[in-house]
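# Descriptive analysis of the structure
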Amino acid sequence: RPSSDASVPTRAANQGGRTTTGIATTRVSQGQATMSKIFGALMEPFHRVVGSWYRKQVQKELVKYGLRYDDLLDPKMNLDVKEALNRLPQREVDLRNQRIKRAIDISQKHTELPDELKKLQTPFNFYLKPMVEKIEAENAERAELGTGKPYDRQIP
């Protein structure tokens, strides 16, 4: 419907509560951003508590089997993890394989590590994450330059 005042914008279309004209869309998106900030501020203490509880639960399970968090990363699902494993020293890769084999063995036997070995575990001592982050940074740089990953080959 046409407006009688030329300075007041009209709604061109209404799609799911959002208008598609410039001024009205800006008002709606600013309102959503404000509500998002308020909701985030209200939920932040809850996320902090739940996050620390979840981290303790993950640590408890990893210690039970003698694993580190990076041992859970699958090289078949992420080529960056595969490349990071290729770049790691062989000793680190061997230790990772030993931890995974021990965890499978413990799981099959329905047991846990002895208490003296549990005390020695460091599940959040990251050995693979820095290398994966480095590879992701290299990939981002390659994307900016317009080149592809050297290890991302596909069968034609």
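Here, every reference points to the structure presented above.
In what follows, the accompanying structure is described. None of these values were measured; they are calculated from a predicted model. Residue numbering note: each chain is counted from 1, following its sequence as written. Thresholds applied to this predicted model are a pLDDT of at least 70 for local features of residues and 80 or more for the giving and counting of side-chain atom pairs; totals over whole chains, interfaces and linings are not thresholded and use all residues. For the side-chain quantities, the full set of heavy atoms in the structure was used; hydrogens and water were omitted.

### Regarding a nonpolar patch on the surface
A surface patch of nonpolar side chains, amounting to about 470 Å² of accessible area, comprises Phe 46, Val 50, Trp 53 and Tyr 54. Helix and strand definitions follow DSSP, with helices as H or I runs of at least four residues and strands as E runs of at least two, each counted in order from the N terminus. Turning to its location among the elements, Val 50 is positioned in helix H1 (residues 22-65). Patch definition: residues with relative accessible area over 30% and no salt bridge; like charges joined within 9 Å; nonpolar side chains (Val, Leu, Ile, Met, Phe, Trp, Tyr) joined within 5 Å. Calculation of accessible area relied on Shrake-Rupley with a 1.4 Å probe; when residues are assessed, cover is drawn exclusively from the protein chains displayed. Whenever Lys or Arg places a side-chain nitrogen within 4 Å of a carboxyl oxygen from Asp or Glu, that contact is recorded as a salt bridge.

### Some points on the nonpolar core
Formed by Val 81, Ala 84, Leu 85, Leu 88, Val 93, Tyr 127, Leu 128, Met 131, Val 132 and Ile 135, the largest nonpolar core amounts to 10 residues. Those elements that provide at least two residues to this core are helix H2 (79-87) and helix H5 (129-145). Leave out the neighbours within four places in its chain, and Met 131 touches Ala 84 and Arg 87. Buried Ala, Val, Leu, Ile, Met, Phe, Trp, Tyr and Cys residues that are joined via side-chain atoms within 4.5 Å together make up what is termed a nonpolar core. Buried residues are those whose accessible area, probed at 1.4 Å on protein chains only, stays under 20% of the maximum for their type, while exposed residues exceed 50% and partly exposed ones sit between those limits. Membership of the second largest hydrophobic core comes to 5 residues, among which are Val 58, Leu 62, Leu 67 and Ala 103. Here, residues are in contact when the closest pair of their heavy atoms is within 4.5 Å.

### Quick word on the side chain of Asp 70
Tracing the sequence through the fold places Asp 70 in the loop between H1 and H2. Under the counting rule used here, the positive set is Lys and Arg, the negative set is Asp and Glu, and His together with the chain ends is not counted. Among buried Asp, Glu, Lys and Arg side chains, Asp 70 stands out as unpaired, with Arg 68 the closest opposite charge at 7.1 Å. Separated by 2.9 Å, the side chain of Asp 70 and the backbone nitrogen of Tyr 127 make a polar contact. Contacts of Asp 70, omitting those with residues within four sequence positions, involve Arg 96, Phe 126, Tyr 127, Leu 128 and Lys 129. Any pair of nitrogen or oxygen atoms within 3.5 Å is treated as a polar contact; in protein, a donor-acceptor pairing is required on top of that, and neighbouring residues in sequence qualify only through side-chain atoms on both sides.

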